[in-house]
Amino acid sequence: MKLKVIGTGSSGNCYLLENDTEALLIECGLPLAAIKRGMGYKMTKLKACIVSHSHKDHARSVKELKWCGLRTIGPEGTEATIIVKGECTLNLGGFKIRPLPVQHDVPCMAYVVDHPDMGRLLFVTDTYAFPYTVKGLNHILMEANYCDRKLEQNIADGLIPDSLRQRIVTSHMEIGMAVTHLASQYLSRVRDILLIHLSGSNSDPADFKAQVEAATGIPTQVATAGVEMELNVEPY
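Residues numbered from 1 in each chain as written. Predicted model: local features only at pLDDT ≥ 70, side-chain atom pairs only at ≥ 80, totals over all residues. Heavy atoms only, no water.

The buried fraction of strand S10 (residues 119–124) amounts to 5 of the 6 residues, a majority that puts the element mostly inside the structure. Here strand S9 (residues 108–115) runs beside S10; their pairing, made up of 5 bridges, is antiparallel. Counterpart to Tyr111 in the pairing with S10 is Phe123. Between S9 and the antiparallel strand that follows it, S10, lie 3 residues. (Buried < 20%, exposed > 50% of the residue type's maximum accessible area, 1.4 Å probe, protein only. Helix = DSSP H or I, 4+ residues; strand = E, 2+ residues; numbered from the N terminus. Pairing = 2+ DSSP bridges.)

A separate point is unusual backbone geometry. Glycine aside, residues mostly have negative phi angles, and peptide bonds mostly take the trans form. Phi is positive for Glu79, close to 60 degrees, though the residue is something other than glycine. Assignment of secondary structure puts Glu79 in the loop between strand S5 (72–74) and strand S6 (82–83). For Glu79, a relative accessible area of 46% gives the class partly exposed. The backbone phi angle of Asp126 is positive, close to 50 degrees, even though this residue is not glycine.

What follows is about the pairing of strand S8 (residues 95–102). Relative to S8, strand S7 (residues 90–92) runs antiparallel, the two being bridged by 3 bridges. What sits directly across from Leu90, in S8, is Ile97. Counted along the chain from S7 to the antiparallel partner S8, the turn is 2 residues long, and its residue Gly93 has a positive phi close to 60 degrees. Where S8 and S9 come together, 7 bridges link them in antiparallel fashion. Bridge pairing links Pro99 to Tyr111 in S9. Here S8 folds back onto S9 in antiparallel fashion, the turn holding 5 residues.

Our focus in this paragraph is the packing of aromatic side chains. Under the counting rule described, the total for this entry stands at 2 aromatic pairs. An angle of 55 degrees between the planes, with centres 5.1 Å apart, marks the rings of Phe130 and Tyr132 as tilted. (Phe/Tyr/Trp six-rings, centres within 6.5 Å; stacked < 30°, edge-to-face > 60°.)

As a further point, take the environment of Ser163. Assignment of secondary structure puts Ser163 in the loop between helix H4 (148–156) and helix H5 (165–171). Distance from Ser163 to Leu3, taken between C-alpha atoms, is 36 Å for residues 160 residues apart in sequence.

Moving on: the sheet that holds strand S11 (residues 139–143). Pairing is mixed across the open sheet formed by 7 strands, whose spatial order is S7-S8-S9-S10-S11-S12-S13. Taken across any chain shown, the strands that pair with only one partner, and hence form the sheet edges, are S7 and strand S13 (220–222). Adjacent strand axes in the sheet meet at a mean angle of 20 degrees, parallel and antiparallel pairs treated alike. Sitting on the sheet, helix H6 (residues 175–184) touches S11 and strand S12 (192–196), and the angle it makes with S11 is about 160 degrees. (Axes fitted to C-alpha atoms, helices over the stretch in contact; angles between N-to-C directions. Contact = heavy atoms within 4.5 Å.)

This part covers H6. For H6, the full list of buried residues reads Ile175, Ala178, Val179, His181 and Leu182. Check the buried side of H6 and you find it contacts S11, S12 and helix H7 (205–216). By the N-cap criterion, in which a side-chain oxygen at the helix start approaches the backbone nitrogen of a residue two or three places on, H6 is capped by Glu174, the distance to Gly176 being 2.6 Å. (Polar contact = N/O pair within 3.5 Å; in protein donor to acceptor, adjacent residues only side chain to side chain.)

In structure tokens form, the structure reads like this:
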């Protein structure tokens, strides 16, 4: 199974899981044309698109994907084909999808995705905390949006209005909290960690990567558009 980052961050989030026969979109926060281009126009492979929440940088193209006949899955407010309100299990092709409610300023879901080709993947974004421990993980995509120190310095320097502080800290994952949640998971089978949705001004990608690797001992990458990863159940 291959993971491709089509977009990440406040400009638009979209991630693609695909093998030779089927694919799953995670988020659709880009224009449909950009999503199609990022997929190499292989739309017929898609089984569904799962969406974390209704904000445009995550759900911009939900309606267009529905018009294309694709099943979309998301919480209330996303206008998805299938609205999920709590924990459940959905089977779409070879993908088994389990949403987990998390805290944001609108209804929001993390997702556990299983597929025989990759094992079990955890996707968490746009929440300040993740109150679950998930067994059997092989891959983790976790938001590491900002660093408290950089946020406070940017506010002190007048680069970010003080009025934004409360929204950021109550709706996004701080790197220290991300490290805590990652270290608390069952990591014995985890092959790789991808840090997603980093703030352009309040993060330090190299430092975030180093902190996560030091805490977990697991190879970690920072998501940028165009990054591709092979997601295997075993390391080789």
